[in-house]
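Survey of secondary and tertiary structure
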Amino acid sequence: MRRFFIILISFAVIVTTVMLSFTEKDNRPFPEKLEQMINDAPMKEYQDSLFGYVVRYPACFEQTPDSLIKEPGFCRFSYWDNWVQIVQMAFIQPNQKELSVKQGMDSIGVFLHATKKRMGRDFFILSGPLYVDGSHINGYRFHVKYVQHRKIWFVLQLTYPENCTKAVQRITEEIDQWHVWEDRFQNNQEGPLIITARK
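What counts and how
Residues numbered from 1 in each chain as written. Predicted model: local features only at pLDDT ≥ 70, side-chain atom pairs only at ≥ 80, totals over all residues. Heavy atoms only, no water. Helix = DSSP H or I, 4+ residues; strand = E, 2+ residues; numbered from the N terminus. Buried < 20%, exposed > 50% of the residue type's maximum accessible area, 1.4 Å probe, protein only. Contact = heavy atoms within 4.5 Å. Core = buried A, V, L, I, M, F, W, Y, C linked by side-chain atoms within 4.5 Å. pLDDT = per-residue confidence, 0-100. Salt bridge = Lys/Arg side-chain N within 4 Å of Asp/Glu carboxyl O. Expected span 1.5 Å × (residues − 1). Arc of directions from axis to C-beta. Pairing = 2+ DSSP bridges.

Take the overall build of the protein chain next. Along the protein chain, the regular secondary structure elements total four helices and nine strands. Going from N to C terminus, the protein chain has its helices and strands arranged as α-α-β-β-β-β-β-α-β-β-β-β-α. A buried classification covers 40% of the 199 residues belonging to the protein chain. For the protein chain, the proportion of contacts with a sequence separation of at least 24, taken over those separated by at least 6, is 42%.

Shown next, in the form of structure tokens:
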């Protein structure tokens, strides 16, 4: 009888411990939880029907339906939680003055208040504090890549809270590696960080 009670009590302790482990709250800071969610999320693909470019975005982001977007070549994916908004978008920007990559980087960099710049043969990458209509959005940053093609810039951009910089690193790496045209794409079998588009 005594052995029975010992076994019963031991079983109750085990069950209670397991139940508490399932109901225990995740008290990690929000940026840490966000980083895990983005890194664990499968990547979805979106292909623009007019220009043919393809972008990838985490499955935990919500796509704005094309029916709600009036601007040709524009797409938007967003994440809302804990009073935080993260937005990934792609769009087409005219380059009517046919600026070179260097000229575009300098001109657009000043307009966007970029604090970091990087340039390649046909692209440039900017990042810095976020401004909207000339007003600084406190606590937010942007990361954007412009790819030149004739009189057009293909643009892929992310805006996010500054304290989530590490959490969105997977997405900023996607942006850094984005290739718009297929014939400039070197096939990489090892990682999901390449985004391509067809002509």
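On to unusual backbone geometry, then. Residue Asp133 is not a glycine yet carries a positive backbone phi of 50°. Mapped onto the elements of the fold, Asp133 is located in the loop between β7 (123–132) and β8 (135–149). Here the phi dihedral of Arg150 falls at roughly 55°; this positive angle occurs in a residue that is not glycine.

This part takes up the nonpolar core. Among the nonpolar cores identified, the biggest contains 29 residues, and Leu34, Tyr53, Val55, Phe61, Ile86 and Trp178 are the most heavily contacted of them. Those elements that provide at least two residues to this core are α2 (30–40), β2 (54–58), β4 (75–81), β5 (84–94), β7, β9 (152–161) and α4 (169–176). Grouped together as the second largest cluster of nonpolar side chains are 19 residues, Val87, Phe91, Phe124 and Tyr146 included.

For the rest of this paragraph, the subject is the confidence of the model for the protein chain. With 78% of its residues at a pLDDT of at least 70, the protein chain reaches an overall mean of 83. Taken together, the stretch residues 1–13 has pLDDT below 50 and engages in zero contacts with residues farther than four places along the chain or on a different chain.

Mapped onto the secondary structure, Leu112 falls in helix α3 (residues 101–112). Separated by 18 residues in the primary sequence, Leu112 and Leu130 place their C-alpha atoms 7.6 Å from one another. For Leu112, the residues in contact, after removing those within four places along its chain, are Leu126, Pro129, Tyr131, Phe142, Val144 and Tyr146.

For the structure shown, the criterion picks out six salt bridges. Arg118 is paired through a salt bridge with Asp176; the nearest N and O atoms lie 3.6 Å apart. Here the residue Arg118 occupies a position in strand β6 (residues 116–119), and Asp176 occupies one in helix α4, the gap between them amounting to 58 residues. By relative accessible area, Asp176 is classed as partly exposed at 24%. Connected through salt bridges with shared partners, the residues Lys102, Asp106 and Lys117 form a single ionic network.

Our focus in this paragraph is α3. Along its twelve residues, α3 runs 16 Å from first to last C-alpha, staying within 8% of the 16 Å computed at 1.5 Å per residue. Of all the positions in α3, only Val101, Gly104, Met105, Ile108, Gly109 and Leu112 are classed as buried. Mapping the buried residues of α3 onto a view down its axis gives an arc of 120°, with all of them on the same face. Exposed and oriented more than 90 degrees from the buried face of α3 are Val110 and Phe111. Those residues of α3 hidden inside the fold are in contact with β5, β6, β7, β8 and β9. Positive backbone phi, approximately 65°, marks His113, located one or two places after α3.

Let us look at the pairing of strand β1 (residues 43–47). Where a strand is regular, its side chains alternate between the two sheet faces. Sheet analysis places β1 next to β2, joined by five bridges and oriented antiparallel. Bridging across to β2, Lys44 finds its partner in Tyr57. Hairpin connection of β1 to β2: six residues between the antiparallel strands, including Gly52 at a positive phi of 80°.

Attention now goes to α2. An α-helical segment advances 3.6 residues per turn. Residues three or four places apart therefore align on the same side. Taken together, the buried positions of α2 are occupied by Phe30, Leu34, Glu35 and Ile38. Buried residues of α2 fall within an arc of 135° about the axis and therefore sit on the same side.

When you line up the elements, Ser127 lands in strand β7. Overall, the relative accessible area of 9% leaves Ser127 in the buried class. Those residues within four positions of Ser127 in sequence are excluded, and the remaining contacts are Ala114, Thr115, Lys116, Arg141, Phe142 and His143.

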